[in-house]
Amino acid sequence: MMDLNLGAAPAADDLIKDATEATFMADVVDTSQTVPVIVDFWAPWCGPCKTLGPQLEAAVRAAKGAVKMVKINVDEAQMIAGQLQIQSIPTVYAFSKGQPIDGFQGALPDSEIKAFVDRVVKATGGEAPGDGLADAVAAAEEMLTEGAAADAAQTFAAVLGEDEKHAAAYGGMVRAHIAMGELDQAEAILNGAPAEISKAPELEAAFAQLELARQAEGAGPVDELKAAVAADPDNNQARFDLAQAMHANGDVEGGVAELLELFRRDQEWNDGAAKAQLFTIFEALKPNDPIVLNGRRKLSSIIFA
């Protein structure tokens, strides 16, 4: 299993602290000489502050020491708020080398807060934790491509140990078990995905691959199905079964071609089964895959002919 070597996070007390006007120079200006400091300007009466504060703290902790956070109550630090022209709260500034380098106002979703923290870390020459995880996912994907599905699954699991909501790692874990023929396990993993990422493209793609793998278990012999289609080109079921069998045997492009031909002949056959199957295949592949690009273009030309 890959050692992600991301290191242990410093103690929370060292990463996040409350500051006053008296400690601002030491906590923000001096500290930012060596590590970026994110300053959260808030007040007890501010509703959005109560939401943003914990979100920001979580993102800072997740950065594992690459950035620190200071919280300043503007009611008790009016001079600093005035000097920095804080006109509304919550307001967040990032300091580096004693100077503000980035910031925002108002509440933000978790994804944008994480992006802000990552941006600050990178702007000051650091490495956001997500970078290391992305490298680990890329390595696992290469293992999967080379047929080392078990090793890939272990690496995806290690990434999920660091970030249980990492959609790319979650989707990769599902695909690794599909590659090992463990379809029930793949389905269980997919069903157990956190709700926040259940609709992520990586998981949608994994679901499509699982559906295709299930179909492959019951796929018929390609040669016999080709003969059936040749004998009766209007046999839509035989052509559909042929497309599934070709895909199951690795001829994805051939399977797509048969589905396009079936759709051209009868768009409404079996409640639009050909189109639905094409979309499942496209979903399972990368969006820029030539098979997807060519297939979508041909499908559109049939629809709008």
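Residues numbered from 1 in each chain as written. Predicted model: local features only at pLDDT ≥ 70, side-chain atom pairs only at ≥ 80, totals over all residues. Heavy atoms only, no water.

**Q** Please clarify how the pattern of salt bridges should be interpreted in this entry.
**A** Pairing is possible between side chains that carry opposite charge, provided their charged atoms lie close to one another. Under the defined criterion, the tally for this structure stands at 15 salt bridges. A salt bridge links Arg 61 to Glu 57; the shortest N-O distance between them is 3.5 Å. With Arg 61 and Glu 57 both in helix H3 (residues 47–62) and 4 residues apart, the pair spans about one turn of that helix. Using a relative accessible area of 37% as the deciding quantity, one classes Arg 61 as partly exposed. Of the charged contacts in the structure, one is a salt bridge between Asp 234 and Arg 265, with a shortest N-O distance of 3.0 Å. Of this pair, Asp 234 sits in the loop between helix H11 (222–231) and helix H12 (236–248) while Arg 265 sits in helix H13 (residues 252–265), placing them 31 residues apart in sequence. (Salt bridge = Lys/Arg side-chain N within 4 Å of Asp/Glu carboxyl O. Helix = DSSP H or I, 4+ residues; strand = E, 2+ residues; numbered from the N terminus. Buried < 20%, exposed > 50% of the residue type's maximum accessible area, 1.4 Å probe, protein only.)

**Q** In this structure, what is going on with helix H8 (residues 167–179)? I would like to understand it.
**A** Owing to its 3.6 residues per turn, the α-helix aligns residues three or four sequence positions apart on the same side. The terminal C-alpha atoms of H8 lie 18 Å apart, and with 13 residues this matches the ideal 18 Å at 1.5 Å per residue to within 8%. In terms of burial, H8 is a largely internal element, 11 of the 13 residues being buried. Within the span of H8, buried status applies to Ala 167, Ala 169, Tyr 170, Gly 171, Gly 172, Met 173, Val 174, Arg 175, Ala 176, His 177 and Ile 178. (Expected span 1.5 Å × (residues − 1).)

**Q** Explain the environment of Arg 119 to me, please; I cannot follow it from the model alone.
**A** With respect to the helices and strands, the residue Arg 119 is situated in helix H5 (residues 110–123). Sequence separation between Arg 119 and Asp 102 is 17 residues; the distance between their C-alpha atoms is 8.9 Å.

**Q** Hey, could you run me through unusual backbone geometry in this one?
**A** What you tend to see is this: most non-glycine residues have negative phi, and most peptide bonds are trans. With an omega of 5°, the peptide bond between Ile 89 and Pro 90 qualifies as cis. By the secondary structure assignment, Pro 90 is in the loop between helix H4 (78–83) and strand S4 (91–96).

**Q** How should the nonpolar core be read in this particular structure?
**A** Taken as a class, soluble globular proteins show a tendency for nonpolar side chains to be buried jointly. Grouped together as the largest cluster of nonpolar side chains are 30 residues, with contacts concentrated most on Phe 156, Tyr 170, Val 174, Ile 178 and Leu 203. Counting residues per element, the ones that place at least two in this core are helix H6 (129–145), helix H7 (149–162), H8, helix H9 (183–191) and helix H10 (201–217). The element contributing the most residues to this core is H8, with 7 residues. Dropping the residues within four chain positions of it, Leu 203 is found in contact with Ala 167, Tyr 170, Gly 171, Leu 190, Ala 193, Ile 197 and Ser 198. (Core = buried A, V, L, I, M, F, W, Y, C linked by side-chain atoms within 4.5 Å. Contact = heavy atoms within 4.5 Å.)

**Q** Please clarify how the state of the cysteines should be interpreted in this entry.
**A** In protein structure, a disulfide is the covalent linkage between the sulfur atoms of two cysteines. If you walk through the whole model with that rule in mind, you get 1 disulfide. Linked covalently through their sulfurs, Cys 46 and Cys 49 form a disulfide whose S-S length is 2.3 Å. Taking the sign of the S-S torsion, about 80° here, the bridge from Cys 46 to Cys 49 comes out right-handed. For Cys 49, a relative accessible area of 6% gives the class buried. (Disulfide = S-S within 2.5 Å.)

**Q** Hey, could you run me through the sheet that holds strand S1 (residues 16–19) in this one?
**A** Hydrogen bonds between backbone atoms are what pair the strands of a sheet, whose relative direction is either parallel or antiparallel. Spatially, 5 strands are ordered S1-S3-S2-S4-S5 in an open sheet, and the strand pairing comes out mixed. Of all the strands in the sheet, the pair left with one neighbour each is S1 and strand S5 (99–105). In this sheet, neighbouring strand axes are inclined to one another by 25° on average, regardless of whether the strands run parallel or antiparallel. Against the sheet, H3 engages S1, strand S2 (37–42), strand S3 (68–73), S4 and S5, with an angle of about 170° to S2. Packing of H5 onto the sheet brings it into contact with S2, S4 and S5, and relative to S5 it is tilted by some 170°. (Pairing = 2+ DSSP bridges. Axes fitted to C-alpha atoms, helices over the stretch in contact; angles between N-to-C directions.)

**Q** What is the right way to read the confidence of the model for the protein from this model?
**A** The predicted coordinates ought not to be read in detail in places where the model reports low pLDDT. The pLDDT averaged across the protein works out to 89; a share of 93% of its residues lies at or above 70. Within the protein, no element has a lower average pLDDT than helix H1 (residues 12–15), which sits at 68, and none a higher one than H13, at 97. Counting contacts from residues 5–12, a segment whose pLDDT is below 50, to residues more than four positions away or on other chains yields 11 contacts. (pLDDT = per-residue confidence, 0-100.)

**Q** Sorry, what's going on with the packing of H12 against H13 here?
**A** A pair of packed helices is characterised by two quantities: the angle between their axes and the separation of those axes. Interhelical geometry of H12 versus H13 gives an angle of 160° and a closest axis separation of 7 Å. Judged by the inter-axis angle, H12 sits roughly antiparallel to H13. At the point where H12 passes H13, the crossing takes the left-handed sense. Residue-level contacts link Asn 236, Arg 239, Phe 240, Leu 242, Ala 243, Met 246 and His 247 of H12 to Val 252, Gly 254, Gly 255, Glu 258, Leu 259, Glu 261, Leu 262 and Arg 265 of H13. (Parallel < 35°, antiparallel > 145°, perpendicular 65-115°, else oblique. Left-handed = near helix turned anticlockwise from the far one by under 90°.)

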